[in-house]
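# An overview of the molecular structure
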Amino acid sequence: MGNRVFICGVGFDRVTAKEAEDRLFAALDGQVGQLSLFTPNPEIVELACRDPELHAILNSAGLSVADGVGVIRAARILGDPLPERIPGVELGEAMLAYCAAKGKERPVWLLGGKPGVAEKAGERMKEKYPGLFVAGTADGYFDETQSPQIVGRIASSGAVLLFVCLGAPKQEKWIAAHRASLPGVRVFAALGGSLDVYSGEVKRAPAIFCRLGLEWLWRTLREPSRIRRLFTVPAFLRRVRRQKRLQKSKN
Ligand code: UDP
């Protein structure tokens, strides 16, 4: 058995949350090469099926984890279960805590969210993790012509951890396009709405929702416009079942 489970061709690392953290901490310490952290959900896997560029980018991840129940369920259907669901927002916070303990030796940079969100997230995380060195922030509403300037600011800040929270697939594509220009960054974390959570703008689902695998329901109730995302889940599960049938007919 390899160390990745492939769901519709998109790889997910067979790791526990603890193993994922250890791999990220080793990357932050410079013990492994540059690493991108992605957390593809059913909607992104479906997109990747129609977008070979996105497909290749997702599979270039140094660490790819299942943040949602849809992917966990798909792995189970395929008879190749993943150890556990790993919320990206928690991995991100664990990295912030780790960097805080090393102060200015581990600067972090926060890119994404509406104007003011990344800054507020930085302030709140500094209060929670004294010692955290936020070397810069920028909102996520820029056009590609502004990217070189943002990349320049990140490069000169000495950041080793970069949050890229632009929503999928924009964040994954942004990382793929710019990672070579940022050799000092050791971990690129594509973590969607995490800055909204760290800033306090968005509340995470109560523990009971998370335990029951219903975080998606909580988020949809709070942000009804997210409902269209759920419509991709049945198509995703149909694709997974087709993959299962194909596997069976090969064996
Ligand atoms: N966002 C951004 N730039 C954009 C589009 C979105 O910075 O052009 C931000 C948005 O403000 C939000 C995050 O990206 O903070 C996407 O959050 P979402 O909850 O949709 O993340 P996902 O569920 O895709 O991980």
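Each value, and the rule that gives it
Residues numbered from 1 in each chain as written. Predicted model: local features only at pLDDT ≥ 70, side-chain atom pairs only at ≥ 80, totals over all residues. Heavy atoms only, no water. Near = heavy atom within 4 Å. Polar contact = N/O pair within 3.5 Å; in protein donor to acceptor, adjacent residues only side chain to side chain. Areas by Shrake-Rupley, 256 points an atom, 1.4 Å probe, with all protein chains shown as cover. Nonpolar A, V, L, I, M, F, W, Y, C, P; charged D, E, K, R; others polar. Axes fitted to C-alpha atoms, helices over the stretch in contact; angles between N-to-C directions. Helix = DSSP H or I, 4+ residues; strand = E, 2+ residues; numbered from the N terminus. Parallel < 35°, antiparallel > 145°, perpendicular 65-115°, else oblique. Contact = heavy atoms within 4.5 Å.

Before going further, it helps to examine the site of the ligand. Around the ligand sit 16 residues in total, of which Gly113, Gly140, Lys170, Asp196 and Arg229 are the nearest. At a separation of 2.9 Å, an oxygen atom of the ligand approaches a polar backbone atom of Gly113. Look at the ligand: alone it shows 550 Å² of surface, and the protein chains cover 79% of it. Here the shell around the ligand is composed, by residue class, of four nonpolar, six polar and six charged.

A few words on the packing of helix H3 (residues 52-59) against helix H8 (residues 170-178). With their axes 10 Å apart at the nearest point, H3 and H8 run at an angle of 75° to one another. In this view, H3 runs roughly perpendicular relative to H8, as classed from their interaxial angle. Here Glu53, Leu54, Ile57 and Leu58 of H3 come into contact with H8, specifically with Glu172, Lys173 and Ala176. For the contact of H3 with H8, the class distribution of residues is four nonpolar, no polar and three charged.

Just distances and angles here, no functional claims.
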